[in-house]
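Overview (structure and organization)
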Amino acid sequence: MGTDIGHGPRLSAREYERRIVELYAGLPPRPGREEEARVRRLELDLTVDHRLGRDFPKEKREALWNIQQQVEKKRIRLAFHWLAHIVSYKPLYRKANRLAGFLVDEYSKVLTKEELEAFFDLKENEKPALPMDF
């Protein structure tokens, strides 16, 4: 997966997928909020290990987690917006893309350019966008 960006070995795609499956396979049918948050945090750490490296600094991991929590609140509001406007996909698509852009912009405050491109698998100057057929 890409070039080494100085954070040690990365989880292989196969190992990453195996660990993600194990993480979610161990969940009860209706996990509580704390359990869901714990799993999201572990998933973020696995993603960092896979995309950036196992030695990625703890303080930067914590900063990414804080951003994830902000984005989660916005994602929930987006879901409610979707329910309220289920017949119109274009405004929802624009809001979802703004949320993706917000996530990348916030992560760019923590990650270097190389780290950002590796984490999101973006090409240089590429903006995140959701695939959508209208």
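Scroll up for the structure.
First, a word on what this report is: a plain description of the structure on this page.

Conventions used here
Residues numbered from 1 in each chain as written. Predicted model: local features only at pLDDT ≥ 70, side-chain atom pairs only at ≥ 80, totals over all residues. Heavy atoms only, no water. Helix = DSSP H or I, 4+ residues; strand = E, 2+ residues; numbered from the N terminus. Buried < 20%, exposed > 50% of the residue type's maximum accessible area, 1.4 Å probe, protein only. Axes fitted to C-alpha atoms, helices over the stretch in contact; angles between N-to-C directions. Parallel < 35°, antiparallel > 145°, perpendicular 65-115°, else oblique. Left-handed = near helix turned anticlockwise from the far one by under 90°. Contact = heavy atoms within 4.5 Å. Nonpolar A, V, L, I, M, F, W, Y, C, P; charged D, E, K, R; others polar. Phe/Tyr/Trp six-rings, centres within 6.5 Å; stacked < 30°, edge-to-face > 60°. Core = buried A, V, L, I, M, F, W, Y, C linked by side-chain atoms within 4.5 Å. Salt bridge = Lys/Arg side-chain N within 4 Å of Asp/Glu carboxyl O.

**Overview of the overall build of the protein**
For the protein, the count of helices and strands is 5 helices and 0 strands. Secondary structure of the protein in N-to-C order comes out as α-α-α-α-α. Taken over 134 residues, the protein has a buried fraction of 34%.

**Some words on the packing of helix α2 (residues 33-51) against helix α5 (residues 113-120)**
At a minimum axis distance of 9 Å, the contact between α2 and α5 shows a crossing angle of 110°. In this view, α2 runs roughly perpendicular relative to α5, as classed from their interaxial angle. As for how α2 packs across α5, the hand of that crossing is right-handed. In this structure, α2 contributes L44, T47, V48 and R51 to the contact, and α5 contributes A118, F119 and F120. For the contact of α2 with α5, a count of residues per class yields 5 nonpolar, 1 polar and 1 charged.

**A word on the packing of aromatic side chains**
Two aromatic rings, taken as a pair, are described by how far apart their centres are and by the angle between their planes. Throughout the structure, instances matching the rule amount to 3 aromatic pairs. Residues Y107 and F119 carry aromatic rings whose centres are separated by 5.3 Å and whose planes lie at 55° to one another, so their mutual orientation is tilted. Here F119 lies in helix α5 and Y107 lies in helix α4 (residues 89-107), a separation of 12 residues in the sequence. One exposure class covers both Y107 and F119, and it is buried. Ring geometry for F119 and F120: centres 5.0 Å apart, planes at 75°, overall edge-to-face. Residue classification places F120 among the partly exposed residues on the basis of a relative accessible area of 22%. One aromatic cluster in this structure is built from Y107, F119 and F120.

**A closer look at the nonpolar core**
Within the largest apolar cluster, 19 residues are counted, with the highest numbers of intra-cluster contacts made by L44, V48, L52, L64, Y107, L111 and F119. Elements that contribute at least two residues to this core include exactly α2, α3 (58-84), α4 and α5. Those residues in contact with L111, other than ones at most four positions away along the chain, are L52, F56, K60, L64, L116 and F119. In this structure, Y16, I20, V39 and L46 belong to the second largest nonpolar core, which totals 6 residues.

**Notes on the pattern of salt bridges**
Applying the stated criterion across every chain yields a total of 10 salt bridges. Residue R61 pairs with D49 through a salt bridge whose shortest N-O separation is 2.5 Å. Here R61, found in helix α3, pairs with D49, found in helix α2; they are 12 residues apart in sequence, far enough to count as distant. Two residues, E115 and K60, come together in a salt bridge whose shortest N-O distance is 2.9 Å.

**Here's the deal with the packing of helix α1 (residues 13-25) against α2**
Close contact between α1 and α2 brings their axes to 10 Å; oriented N to C, the two are set at 175°. When the interaxial angle is binned, α1 and α2 end up roughly antiparallel. Taking contact as the criterion, the partners of A13, Y16, R19, I20, L23 and Y24 in α1 are, on α2, V39, L42, E43, L46, T47 and H50. Along the lines of polarity and charge, the residues of the contact of α1 with α2 split into 8 nonpolar, 2 polar and 2 charged.

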